[in-house]
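What the coordinates show
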Amino acid sequence: MNPLLIKPPVMDWLTGAFAHTSALKKSTTAADLANVFSDEHARQRLDPNLIIYSVEMLDSSRDDGALFTGVTHLNPGKVGDEFFMTRGHYHARREQGEVYFGLRGSGLLLLQDEDGNARLETVMPGSIHIISGYTAHRLINTGNDILSALAVWPAVAGHNYAALQHGFALSVKERDRQVQVVSND
Ligand code: F6R
Ligand code: MN
C-alpha cells in the first residue's frame with residue numbers, strides 16, 4: 001500500500017458516530033448541570049448519573065491554527081418543562097467562531113451576542129450554523145430523538161462558561177404540548 005495514501009477519520013452522517021478512529025468522549029450528567037435549568041428543584045429530582053449529552057472529539061492537533069472536530073449527542077428530555085440543552089458558552093478567545101452542522105433529530109441553536117440579544121436557529125439533518133465570534137451558543141433538543149450535531153472550531157478558541165452563569169436571555173419550554181420560547185427578563 002502507498003504510505004502517502006492516508007485513511008482519514010470516518011463519521012456516519014446519519015448518526016454522528018465516528019468509526020476507525022480514536023475519539024475522546026466526555027459525558028455531561030444531570031449532576032454536572034446544577035443551576036443551568038430554570039427549575040433547579042426539578043433538576044435535583046433527576047438521577048444525578050443521567051447523561052444529558054455527550055461529546056465525541058477527534059484526537060487531533062492542538063497547534064496554533066488547528067481545528068477541532070466534535071459531535072454533540074444531546075438526549076431528548078426535560079427538566080421540569082424546559083427541554084434538555086447543553087450548558088452553553090462563549091469561547092475563551094471570544095473572537096473565535098465555529099460551525100455546527102445538524103445531523104439527526106430536531107432542535108434549536110440558541111445564539112446570544114455580548115449585548116444580550118438572543119436568537120434561535122432550527123437544527124435539523126443538513127442544517128448549517130455559522131456561529132460568529134463574540135456569540136454564546138447552546139444546543140436545545142425539542143424533539144423525541146437524540147439531537148446530534150457536528151462542530152468544527154479553532155483549537156485555540158477554548159470555552160468560557162463563567163460569563164453565562166446567570167443564563168441566557170431566552171429559555172425553551174414545552175407548554176400545552178407546544179415548543180414555547182420564554183424571555184427571561
Ligand atoms: C465547542 C462546542 C461544542 C460544545 C458541546 C457541549 O466549541 O461548541 O463542542 O462544547 O456542544 O456544549 P458545552 O461546551 O456548552 O457544554
Ligand atoms: Mn463552541
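Up top is the structure.
Reference entry: report on the structure contained in this document. Predicted model only: the values in this text are computed from it and were never measured. (Residues numbered from 1 in each chain as written. Chains lettered and ligands numbered in written order. Predicted model: local features only at pLDDT ≥ 70, side-chain atom pairs only at ≥ 80, totals over all residues. Heavy atoms only, no water.)

1. Regarding the site of ligand 1
- Around ligand 1, the structure places 14 residues, and the nearest of them are Tyr53, Thr72, Gly88, Tyr100 and Tyr161.
- A distance of 2.7 Å separates an oxygen atom of ligand 1 from a polar side-chain atom of Thr72.
- Coverage of ligand 1 by the protein amounts to 95% of the 400 Å² it exposes when considered alone.
- Sorting the residues of the shell around ligand 1 by element identifies strand S4 (51-58) and strand S8 (98-104) as the ones contributing at least two each.
- In the shell around ligand 1, the residues fall into 5 nonpolar, 7 polar and 2 charged. (Near = heavy atom within 4 Å. Polar contact = N/O pair within 3.5 Å; in protein donor to acceptor, adjacent residues only side chain to side chain. Areas by Shrake-Rupley, 256 points an atom, 1.4 Å probe, with all protein chains shown as cover. Helix = DSSP H or I, 4+ residues; strand = E, 2+ residues; numbered from the N terminus. Nonpolar A, V, L, I, M, F, W, Y, C, P; charged D, E, K, R; others polar.)

2. Let's talk about the pairing of strand S14 (residues 170-175)
- Bridge count for S14 against strand S15 (residues 178-183) is 6 bridges, and the pairing is antiparallel. When the bridges of S15 are listed, Ser171 appears paired with Val182. (Pairing = 2+ DSSP bridges.)

3. Focus on the sheet that holds S4
- Pairing is antiparallel in the open sheet, where 6 strands are placed in the order S3-S4-S5-S13-S8-S11. Whereas interior strands pair on both sides, the edge strands pair on one side only; in this sheet they are strand S3 (23-29) and strand S11 (128-131). Averaged over all pairs of adjacent strands, the angle between strand axes in this sheet comes to 20 degrees, irrespective of strand direction.
- Looking at chain direction, S8 and S11 are connected through 4 bridges and run antiparallel. Residue Val99 lies in a different strand from S11, and its bridge partner there is Ile130. (Axes fitted to C-alpha atoms, helices over the stretch in contact; angles between N-to-C directions.)

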